[in-house]
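What follows is each chain in one-letter form.
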Amino acid sequence: MNNQKQQKPTLTGQRFKTRKRDEKERFDPTQFQESIVQGLNQTGSDLEAVAKFLDASGAKLDYRRYAETLFDILVAGGMLAPGGTLADDMTRTEFCLFTAQEDLETMQAYAQVFNKLIRRYKYLEKGFEEEIKKLLLFLKGFTESERNKLAMLTGILLANGNISASILNSLFNENLVKEGVSAAFAVKLFKAWINEKDINSVAMMLRKVGMDNRLMELFPANKRSCEHFSKYFADAGLKELSDFARSQQSIAGRRELQKELQEQIARGDPQKEVITYSREEMKKCNISEQSMIGIIWTSVMSCVEWNKKEELVTEQAIKHLKQYSPLLKEFTSQGLSEVTLLHKIQDYCYDNIHFMNSFQKIVVLLYKADVLSEEAILKWYTDGTQNMTSKGKSVFLQQMKKFVEWLKNAEEESDEEDEEEAD
């Protein structure tokens, strides 16, 4: 019997020594910071020279690895510790954004430095946006003057498309909002942005990132009203931003109103209750009757699953609209409201292909139900013959031709009868 202990298998082979260049480099921004700070101190306040220095240094220094350090230095003069204070143990420079003169022209010159740098080294684009987001969260750690400069720079960069408006999410930080820092910063930012472009540019970029309805969040919950927002920014000389926010609030309010009306109609709530609710919302949201009839029409037509067969959908629509004609009638007390409704019907029939042949029958129904008057129908028809560019106008004019002729003849006969009575 073999009592010898069985040996465990071992791996054999040649062991390679790891080369220094293959070892993962330890993150150490000290040398990088010293190189950048030394270069900035040599160029001084000459921003053209700063841009050239940064361009040349990108070939020698690791911008990709130390992007955050680079931007910290250019903005604050050195690496920033959490909260926005400068790290004590590293060399700093006095030639940075925070020590620059606090005016729009100087900030425009600094924006050009960042713009040139990122155009030259495209990979810095994402890192720069992350830097701005971080700086906005650090606002409480900066002086008022430093915040003002950063706000102006950010507004200029936004106006020129160098960064996305999504960075403004950082301003909704609860602590910044609560202490009024976000709103004050936003004033300087939007002033610079509108000065570079206009309110349309602001509106477009905010809509693009879904922030056009979030500006109220710059204020604490107890001050989050259209009135407070409007007064705050109007007093700061930003009436166009105040008007934009009011307009957005109105649009949001109308969407909510339409959603609620659709739910009420879908539930089959009594029309008296729907009318009362609609009138209250009209007054509260300052909505004109012309706008209201458009909302009601859309709500009435949106709560039905329409038949896909053209020959059946007209019959279905007539039955549905006959039921809701009292509701429509309540909000067509003005001639302009009636014409608005006619245009809404026209747009709806054109946009929904199964309704193309339903227009005339819908109009006749609403005429008989006293929702539409002959004056409104004749005005719509006359305006249509003069302007054929609106949706499907030629088709609908042709559909309405015989009915309009009947209306005109009836009107002439009525006039003749009135003359005979007068004689």
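Residues numbered from 1 in each chain as written. Predicted model: local features only at pLDDT ≥ 70, side-chain atom pairs only at ≥ 80, totals over all residues. Heavy atoms only, no water.

Caption draft 1: The packing of aromatic side chains, seen in detail. This model, assessed by the stated rule, comprises 23 aromatic pairs. Look at Y63 and Y121: their rings are 5.3 Å apart centre to centre, the planes differ by 85 degrees, and that puts the pair in the edge-to-face class. With Y63 in the loop between α2 (47-57) and α3 (67-76) and Y121 in the loop between α4 (104-120) and α5 (124-137), this residue pair connects regions lying 58 residues apart in the sequence. Residues Y63 and Y121 agree in their burial class; the two are buried. Considering the side-chain rings of F219 and F229, the 5.8 Å spacing of their centres and the 80 degrees angle between planes classify their relative orientation as edge-to-face. Of the two residues, F219 sits in the loop between α9 (199-208) and α10 (226-235) while F229 sits in helix α10, which places them ten residues apart along the sequence. For F219, a relative accessible area of 3% corresponds to the buried category. Here the aromatic cluster, defined as three or more aromatic residues joined through ring pairs, consists of F32, Y63, Y66, Y121 and Y123. The ring of Y123 is capped by R64, whose NZ or CZ atom sits 4.1 Å from the centre of that ring. A cation over an aromatic ring shows up here: R120 above the ring of Y121, its NZ or CZ 4.7 Å from the ring centre. (Phe/Tyr/Trp six-rings, centres within 6.5 Å; stacked < 30°, edge-to-face > 60°. Helix = DSSP H or I, 4+ residues; strand = E, 2+ residues; numbered from the N terminus. Buried < 20%, exposed > 50% of the residue type's maximum accessible area, 1.4 Å probe, protein only. Lys NZ or Arg CZ within 6 Å of the ring centre and 35° of its normal.)

Caption draft 2: How the structure looks around the pattern of salt bridges. Counting across every chain of the model gives 14 salt bridges. Between E48 and K116 there is a salt bridge, with its nearest N and O atoms 3.5 Å apart. A residue pair is termed long-range when its members are at least 10 positions apart, and E48 in helix α2 and K116 in helix α4 qualify at 68 residues. Look at K116 and you get partly exposed, because its relative accessible area is 30%. Its salt-bridge partner being K122, residue E125 comes within 3.2 Å of it at the nearest N-O pair. Salt bridges sharing common partners tie together E68, D72, E131 and K134. (Salt bridge = Lys/Arg side-chain N within 4 Å of Asp/Glu carboxyl O.)

Caption draft 3: A look at the confidence of the model for the chain. When the pLDDT values of the chain are averaged, the result is 88; 89% of them are 70 or greater. Ranking the helices and strands of the chain by mean pLDDT puts helix α6 (residues 144-159) first, with 97, and helix α18 (residues 393-422) last, with 75. Long-range and interchain partners of residues 20-24, a stretch whose pLDDT sits below 50, account for one contact in this model, where long-range means more than four residues apart. Overall, residues 418-423 carries pLDDT values under 50, and its contacts beyond four positions in sequence, including any with other chains, amount to zero contacts. (pLDDT = per-residue confidence, 0-100. Contact = heavy atoms within 4.5 Å.)

Caption draft 4: Up close: α3. The buried fraction of α3 is high, at nine of ten residues. Looking only at α3, the buried set comprises A67, T69, L70, F71, D72, I73, L74, V75 and A76. Elements in contact with the buried residues of α3: α1 (30-43), α2, α4 and α5. Just beyond α3, the residue with positive phi is G77, at close to 100 degrees.

Caption draft 5: Structural context of the environment of N286. Among the structural elements, N286 can be located in the loop between α12 (271-284) and α13 (289-302). Expressed as a C-alpha distance, the spacing of N286 and S250, which sit 36 residues apart in the sequence, is 8.7 Å.

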